[in-house]
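Notes for the structure review
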Amino acid sequence: MAKHPTPLLDQLESGPWPSFVSDIKQEADHRHANPDGVEYQIPVDVCDDLLGILEMSYVDGETHWKHGGIVGVFGYGGGVIGRYCDQPEMFPGVAHFHTVRVAQPSGKYYTAEYLRALMDLWDFRGSGLTNMHGATGDLVWLGTTTPQLEEIFHTLTHDLNTDLGGSGSNLRTPADCLGQSRCEYACYDVAALCYHMTIEYQDELHRPAFPYKFKFKFDGCPNGCVASIARSDFSVIGTWKDDIRIDQDAVAAYVNGEFAPNAGAHSSRDWGKFDIVKEVVDLCPTGCMSYDGSKLNIDNKECYRCMHCINTMPRALKIGAETGASIFVGAKAPILDGAQMGSLLVPFVPVQGDYEEVTEVVENLWDWWMEEGKNRERIGETIRRMGFQKMLEVTNIKADARHVQEPRTNPYIFWKEEDVEGGWQRDVNEFRKRHQR
Amino acid sequence: MAFISTGYDPKKPMENRITDIGPRKYDQFLPPVLKDNYGKWDYHEIIEPGVLMHKGLSGDEVYTVRCGGARLMSVTMVREICDIADEFCGGYVRFTTRNNVEFMVNTKDEALALKAELNGRKFEAGSYKFPVGGTGAGITNIVHTQGWVHCHTPATDASGTVKVVMDEFFEDFGSHNMPAPLRISMACCLNMCGAVHCSDIAILGYHRKPPLIDHEYLDNLCEIPLAVSACPLGAIRPTKTEVNGKEVKSVAIKQERCMFCGNCYTMCPSLPLSDKEGDGLVIMAGGKISNRISNPKFSKVVVAFIPNEPPRWPTLAKVIRQIVDAYSKDARKYERLGDWAERIGWERFFEKCDLEFTEHLIDDFRDPAYYTWRQTTNFKW
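Only a predicted model underlies this, so the values are computations on that prediction, with no experimental measurement involved.

On a plain count of helices and strands, chain A comes out with 15 helices and 14 strands. A principal-axis box enclosing the C-alpha atoms of chain A has dimensions of 90 × 80 × 45 Å. Here chain A, with 437 residues, has 59% of them falling under the buried criterion. As presented, chain A carries roughly 17,900 Å² of accessible surface, and 50% of it is formed by carbon and sulfur atoms. Positive and negative charge centroids in chain A, built from 42 and 64 side chains respectively, lie 8 Å apart.

Below, the discussion takes up the interface of chain A and chain B. The interface of chain A with chain B comprises 145 residues on the first partner and 141 residues on the second. Each partner contributes to the roughly 12,600 Å² buried at the junction of chain A and chain B, and carbon and sulfur atoms together form 59% of this total. Broken down residue by residue, the surface that chain A buries against chain B is led by A:Trp17, A:His67 and A:Arg182, which jointly contribute 8%. Summed over the shared surface of chain A and chain B, the result is eleven salt bridges. Notably, a salt bridge pairs A:Arg116 with B:Asp86, separated by 2.9 Å at the nearest N-O pair. The interface formed by chain A and chain B contains 83 residue pairs in polar contact (both at pLDDT 80 or more). Looking at side-chain class alone, the side of chain A that touches chain B contains 66 nonpolar, 49 polar and 30 charged residues. Bridging between strand β4 (residues 129–131) of chain A and strand β4 (residues 72–74) of chain B involves three bridges; their strand directions are antiparallel. Note on β4(B): the bridge partner recorded for A:Leu129 is B:Ser74.

Attention shifts here to the UniProt feature "domain: Nitrite/sulphite reductase 4Fe-4S" (unreviewed entry) in chain A. Per the UniProt record, "domain: Nitrite/sulphite reductase 4Fe-4S" (unreviewed entry) is found at residues 167–397 of chain A. Secondary structure across residues 167–397 of chain A comprises 31% helix and 16% strand; the distance between its end C-alpha atoms is 31 Å.

Before going further, it helps to spend a moment on the pattern of salt bridges. Under the counting rule described, the total for this entry stands at 44 salt bridges over all chains. Where A:Glu393 meets A:Lys416, a salt bridge forms, and the shortest distance between an N and an O atom there is 3.5 Å. Within this pair, whereas A:Glu393 is found in helix α14 (residues 388–395), its partner A:Lys416 is found in the loop between α14 and α15 (428–434), the two being separated by 23 residues in sequence. Shared partners join several salt bridges into a network, and the residues in it are A:Arg31, A:Asp120, A:Asp123 and B:Arg79.

The rules behind the values
Residues numbered from 1 in each chain as written. Chains lettered and ligands numbered in written order. Predicted model: local features only at pLDDT ≥ 70, side-chain atom pairs only at ≥ 80, totals over all residues. Heavy atoms only, no water. Helix = DSSP H or I, 4+ residues; strand = E, 2+ residues; numbered from the N terminus. Buried < 20%, exposed > 50% of the residue type's maximum accessible area, 1.4 Å probe, protein only. Areas by Shrake-Rupley, 256 points an atom, 1.4 Å probe, with all protein chains shown as cover. Lys, Arg positive; Asp, Glu negative; His and termini not counted. Charge placed at Lys NZ, Arg CZ, Asp CG, Glu CD. Contact = heavy atoms within 4.5 Å. Buried area = accessible area lost by both parts, 1.4 Å probe. Salt bridge = Lys/Arg side-chain N within 4 Å of Asp/Glu carboxyl O. Polar contact = N/O pair within 3.5 Å; in protein donor to acceptor, adjacent residues only side chain to side chain. Nonpolar A, V, L, I, M, F, W, Y, C, P; charged D, E, K, R; others polar. Pairing = 2+ DSSP bridges. UniProt positions renumbered as here; feature names shortened; annotations may be inferred.

If you want it as structure tokens, here you go:
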């Protein structure tokens, strides 16, 4: 018998898509039955009370969660988000319901053994409810009490060799696409760079030193499967400099219908026979391709690597051999000044060795932003306030036509005094010798 | 419920403390076939909706079965995932950015058997636990935020709205019947924990009433200068007011300047803005992340307000159905929703989707607004 009636939430158990309500109810029953004899460290009816308070929100049309207080583990300023409900008498099981962010492995790969150990810990010391995964990338554990936090951290670090993620005005847990682990398009070792940057900047991840949050995301190619260009302050997107590699025999196999276009992505609908001119050549945004009936030609100098032809014929066309990445800076969601897309700062970086060419850009940007950024100002907003040129100056990067969609349409150029011959200091008496008052 | 300690001693917090070790290194978790072919993949194919095959230059193949899940998952659910990974996949599994689960096996036969197995598992009340799909030109899982389940600023629920929209488009999750991938995302307030502002269709929780002011407690709970500076529109100023005959420090709000971003509430809990009638949903459309064919672009607001209608948000599901059906019927192969809207023109988009254009859809926020007004005679009747 459910602790709280949930007539509204019960309606979310119908329909085919996995029901989170069914899952929470199943977990509530599991905790009450406790077949494994777990000595639960937070109230056993936490799941029942979560359903109860959620039902109340469904009636009221308002959330019943309060602001987080200051909770966390000793020495860290990130990784735990305090959360309390505003009806603790009615729902004591979720009166204290803090979130724990746990650093996820690159590509979100797990062994069942490791995942079970994580779940055992969260069953024992938390609500037994998770997000797999949070939007930034971390494993998110929903709901525990303050006395459990250090204990969870102790087990994570000592027994599971795993750390907390980031929250607050910190570096957030970096995230990546699956990269070279299972994708032929990845232009650099995404997981290796993501892991390197995560370890290199642990201090920034756990101790707030920034004006606001800062996110690294790593996409292996311009398809952008982790959306880095839209949602990360520092976005690394794989690309290449040389020619797309063509296998003309495979091109012929697509043309004669032997291989399904777009790797079979359109298979549920009859779009007619594959037409390489209509579907590839004519859709090329730079018009750099031609097909003479037997051979596909690409004028690679004019290609800007949008991926359409490669996505459409992955067995015939391969990314170039001289690979690396482009770096974009300043993406964010609308709060406060409106949404921003990442802007290109470094057109090409090889992404090799100790990644010094990447970390140098990061550190120059941080030094500047920590000095100039206002409280709760994302770096994209600082750049807009202070200008793209300023960003070039602090990162020692030379201006390039690739930095802009088009040159400026106003001539209000902020020349610096040192840029102008003879400087700005002049003698008015000398001027008056040439011009009467 | 006796308290059990790991041995952590609060009196000596630094003793045996381990910090800043980061996540486990990824290479410990890669299935052997991925480890062997790391960086040496040749091509991939989608065998059928939800089943991918990746071929290594070595000739090795790996088959991936992708299934959807509510991102909110219990430990029991994750343990079931672990059991499946043990039984079918040598104990390996991965999650995708869009909250799908991927199981990898060595042969096509195993993959198809696993697909059938996953599609056969259901909750007692009837919904699927692991529906297979989410690949190619279909609608994949909706990335989303916390909503009423766990967040202090939401204007709507996230898990519930996602559940009803995915119920509505369940068939499209398991097939490749769209002109191009169609990505739906959900954020329960303007903070947008995620990237809904660049999605084909975005569901966004939204407040429409300026904050309440809890004068009696404000000065105890908030730093007034922080609350004042939090407002991007300068609508908040410090003031003094009388509560129960006593003068207290507080703030005043120029309500007509408020655009309901909620940043002040994040800085000051005494300025709540949630409200049953005021809160609801905005629908945005036409954004994308990929550089394929056209540049990445922001989503545009196409419906300024849909009321919260828990538990099943029927208007939300209906409006998204209108947009998806019009797009699916009219767009060309490979054409993303935003590219379709730009090709036919936004005036035609509203007509084909049977959506009303209102003054709320004309941008009036700062400089970028100007760049969205029409400055040409090239419009359509």
